[in-house]
Structures are given as structure tokens and as C-alpha cells.
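# Residue-level structure breakdown
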Amino acid sequence: MSREFLRFVAVGAVAAAANIGSRMLFGAWLGYLPSIVLAFFVGLSTAFLLNRWWVFARSGKHWANEATWFTAVNLFGLLQTVCISLLLARYLLPALGQRSGVDTTAHAIGVLAPIATSYLGHKYLSFRKQ
């Protein structure tokens, strides 16, 4: 495994914690799905800043261009996260007998799901050298 990938995973862990923690906070006022979506943007902002600063070499592109690609890659990741989270929370985990912590367990697994696709998307689209 490359140092870059390990750093990406570390940044992902920090961003995932920001995502899941903010989802729990938003959940005090909003439903599950709106909380997941808003938390996605907290995690997205955290991940963009840390990946740009610490993980990937400077691309030579304007930060707004990087941010556009970063957002596009992560919107695909959001789709993966939402689908997996809802499938697990509404169907699979209850069918397996889990009654407490279902939303948090499902969301944590959903957030982890797009690691590989996100890494490749950011390496070859968001932060690719010009």
C-alpha cells in the first residue's frame, strides 16, 4: 500500500468521524435521511481540505476545479452511502435481529463503502496533475 493511500484512509477516518458525528447532531432535529445528506457535506468539506493539504501532490489546477471534481466524485460516494445505509437500516440489520443502534451501525458501514471508488476518483480526477 502506498503512503498516499494510507494518508487517504486516515483523512477518510477523520472525515467519516465528522460525518457520523454531525449526522447524530443533525438527527436531534431532522429525520434520518436529511441528517445523512447534511452530514455528507460536513464530511466532504473536511475531506477536501485535508486531502488537498496532506494527501495528494499539488495538481497545478485551481482549487475550484479540484473542488468541482472532488464534489462530483463524492456525490457518487453519497449515492453509495445512502443506498447502503438505507438498505442496512431498514431491512438487513432488523432482519438480523439488531434493535438498537441500527441507524448508526448502518450509516457507519455506508460511509465506509465508497473508499476504493473515492480514492481512484480523487487520484485520477480531482487531484490529477495537469
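A brief report on the enclosed structure follows. Everything numeric in this text was worked out from a predicted model, so none of it was measured.

Phe56, Phe70 and Ala106 are the most contacted members of the largest nonpolar core, which has 22 residues in total. With residues up to four places along the chain from it excluded, the contact list for Phe70 reads Leu44, Ala47, Phe48, Asn51, His122, Ser126 and Phe127.

Moving on, we get to the packing of aromatic side chains. Considering all chains together, one arrives at 9 aromatic pairs under this definition. Taking the centre distance of 4.9 Å and the plane angle of 85° together, the rings of Phe5 and Tyr119 count as edge-to-face. Of this pair, Phe5 sits in helix H1 (residues 3–26) while Tyr119 sits in helix H5 (residues 115–126), placing them 114 residues apart in sequence. One aromatic cluster is present, built from ring pairs that chain together Phe5, Phe8, Phe48, Phe56, Phe70, Tyr119 and Phe127. Cation over ring: Lys123 sits above Tyr124, and NZ or CZ is 5.9 Å from the ring centre.

Turning our eyes to something else, we now look at the packing of helix H3 (residues 63–95) against helix H4 (residues 102–112). Across the interface, H3 lies against H4 with an axial gap of 8 Å and an inter-helix angle of 140°. Our classification of the angle between H3 and H4 gives oblique. In terms of crossing hand, the pair formed by H3 and H4 is right-handed. Here Thr81, Ile84, Ser85, Leu88, Ala89, Arg90, Leu93 and Pro94 of H3 come into contact with H4, specifically with Val102, Asp103, Thr105, Ala106, His107, Ile109, Gly110 and Val111.

Where nonpolar side chains cluster on the molecular surface, the patch consists of Leu25, Trp29, Leu30 and Leu38 and spans about 460 Å² of accessible area. By secondary structure assignment, the location of Leu38 is in helix H2 (residues 32–55). By relative accessible area, Leu38 is classed as partly exposed at 38%.

One way to put it is that H3 packs onto H5 with a least axis distance of 9 Å and a crossing angle of 160°. Regarding the angle of H3 to H5, the classification is roughly antiparallel. For the element pair H3 and H5, the recorded crossing hand is right-handed. For the pair H3 and H5, contact is made by Glu66, Trp69, Phe70, Val73, Asn74, Phe76 and Gln80 and by Thr117, Ser118, Gly121, His122, Leu125 and Ser126, respectively. Of the residues belonging to the contact of H3 with H5, the class tally is 5 nonpolar, 7 polar and 1 charged.

Before going further, it helps to examine H4. All buried positions along H4 are accounted for by Val102, Ala106, His107, Gly110 and Val111. Projection of H4 onto a plane perpendicular to its axis shows the buried side chains occupying an angular sector of 150°, all on one side.

Procedures and definitions
Residues numbered from 1 in each chain as written. Predicted model: local features only at pLDDT ≥ 70, side-chain atom pairs only at ≥ 80, totals over all residues. Heavy atoms only, no water. Core = buried A, V, L, I, M, F, W, Y, C linked by side-chain atoms within 4.5 Å. Buried < 20%, exposed > 50% of the residue type's maximum accessible area, 1.4 Å probe, protein only. Contact = heavy atoms within 4.5 Å. Phe/Tyr/Trp six-rings, centres within 6.5 Å; stacked < 30°, edge-to-face > 60°. Helix = DSSP H or I, 4+ residues; strand = E, 2+ residues; numbered from the N terminus. Lys NZ or Arg CZ within 6 Å of the ring centre and 35° of its normal. Axes fitted to C-alpha atoms, helices over the stretch in contact; angles between N-to-C directions. Parallel < 35°, antiparallel > 145°, perpendicular 65-115°, else oblique. Left-handed = near helix turned anticlockwise from the far one by under 90°. Patch = residues over 30% accessible without salt bridge, like charges linked within 9 Å, V, L, I, M, F, W, Y side chains within 5 Å. Areas by Shrake-Rupley, 256 points an atom, 1.4 Å probe, with all protein chains shown as cover. Salt bridge = Lys/Arg side-chain N within 4 Å of Asp/Glu carboxyl O. Nonpolar A, V, L, I, M, F, W, Y, C, P; charged D, E, K, R; others polar. Arc of directions from axis to C-beta.

So far we have only geometry, and geometry alone does not tell us how the molecule works.
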